[in-house]
Amino acid sequence: MWKLLLFFTRFYSPGRFLRFLSKTKGKLHFLPKLLAIFYCIQDKDTPRMVRLVLMGAIGYVILPIDIVPDILPVAGWIDDAAVVAAALKFAAAYIKPEHKEKVRRILPFARCDW
């Protein structure tokens, strides 16, 4: 499990994440959650192990070739949504109200009630 997590962590970087966001242009319903994960990674109060898990989750989403390739309409994003949901559940204690507020500033109509 840890080797797989470290593998996907290699694909995460803030620049890659921002390029990914510009390419998807809001097509993802879990975009607010992804942004909250991103802000949690950037937070210095987040423990290193939690950051690694979250980086692995974003790395998995960014990588176009995964368990279900993202080029498949609809089905390609289901596994990514599951990874994001699992990462949020894992790091729920570290997602601060400030992170959700930053998401609301970028996406004013986003629901952040998770």
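Please refer to the structure placed before this passage.
In this text the structure is predicted, and so the values were computed from the model without any measurement.

**Student:** What's the story with the environment of Glu-98 in this structure? I'm lost.
**Tutor:** Looking at where Glu-98 falls in the secondary structure, it is placed in helix 6 (residues 97-106). For Glu-98, a relative accessible area of 46% corresponds to the partly exposed category. Residues Glu-98 and Tyr-12, 86 residues apart in the sequence, show an inter-C-alpha distance of 22 Å.

**Student:** Where do I start with the packing of helix 3 (residues 31-42) against helix 6 in this structure?
**Tutor:** Helix-helix packing is characterised by the crossing angle of the two axes and by the distance between the axes. Two numbers describe how helix 3 lies on helix 6: the axes approach to 9 Å, and their chain directions differ by 130°. Regarding the angle of helix 3 to helix 6, the classification is oblique. Note that helix 3 runs across helix 6; the crossing there is right-handed. On the side of helix 3, the interface is formed by Pro-32, Leu-35, Ala-36, Tyr-39 and Cys-40, while helix 6 contributes His-99, Lys-102, Val-103 and Ile-106. Considered class by class, the residues forming the contact of helix 3 with helix 6 number seven nonpolar, one polar and one charged.

**Student:** Explanation requested: the nonpolar core in the structure shown.
**Tutor:** Side chains that are nonpolar tend, in soluble globular proteins, to be buried together. Ranked by size, the top nonpolar core spans 28 residues in total, and within it Phe-17, Phe-20, Leu-34, Ile-37, Leu-54 and Ile-58 carry the most contacts. Take this core: its biggest share by element is nine residues, from helix 3.

**Student:** Would you mind going over the side chain of His-99 with me for this structure?
**Tutor:** Within the secondary structure, His-99 sits in helix 6. Classification of His-99 by relative accessible area gives buried; the value is 3%. Among all residues touching His-99, those that are not within four sequence positions of it are Ala-36, Tyr-39, Cys-40, Asp-43 and Tyr-94.

**Student:** I would appreciate a short explanation of the packing of helix 2 (residues 14-24) against helix 3 in the present structure.
**Tutor:** At a closest axis distance of 12 Å, the pairing of helix 2 and helix 3 adopts a crossing angle of 165°. By the criterion of interaxial angle, the relationship of helix 2 to helix 3 is roughly antiparallel. Pair helix 2 / helix 3 crosses with left-handed handedness. In this structure, helix 2 uses Pro-14, Phe-17, Phe-20 and Leu-21 to contact helix 3, whose residues at the interface are Leu-31, Leu-34, Leu-35, Phe-38 and Gln-42.

About the cut-offs
- Residues numbered from 1 in each chain as written.
- Predicted model: local features only at pLDDT ≥ 70, side-chain atom pairs only at ≥ 80, totals over all residues.
- Heavy atoms only, no water.
- Helix = DSSP H or I, 4+ residues; strand = E, 2+ residues; numbered from the N terminus.
- Buried < 20%, exposed > 50% of the residue type's maximum accessible area, 1.4 Å probe, protein only.
- Axes fitted to C-alpha atoms, helices over the stretch in contact; angles between N-to-C directions.
- Parallel < 35°, antiparallel > 145°, perpendicular 65-115°, else oblique.
- Left-handed = near helix turned anticlockwise from the far one by under 90°.
- Contact = heavy atoms within 4.5 Å.
- Nonpolar A, V, L, I, M, F, W, Y, C, P; charged D, E, K, R; others polar.
- Core = buried A, V, L, I, M, F, W, Y, C linked by side-chain atoms within 4.5 Å.

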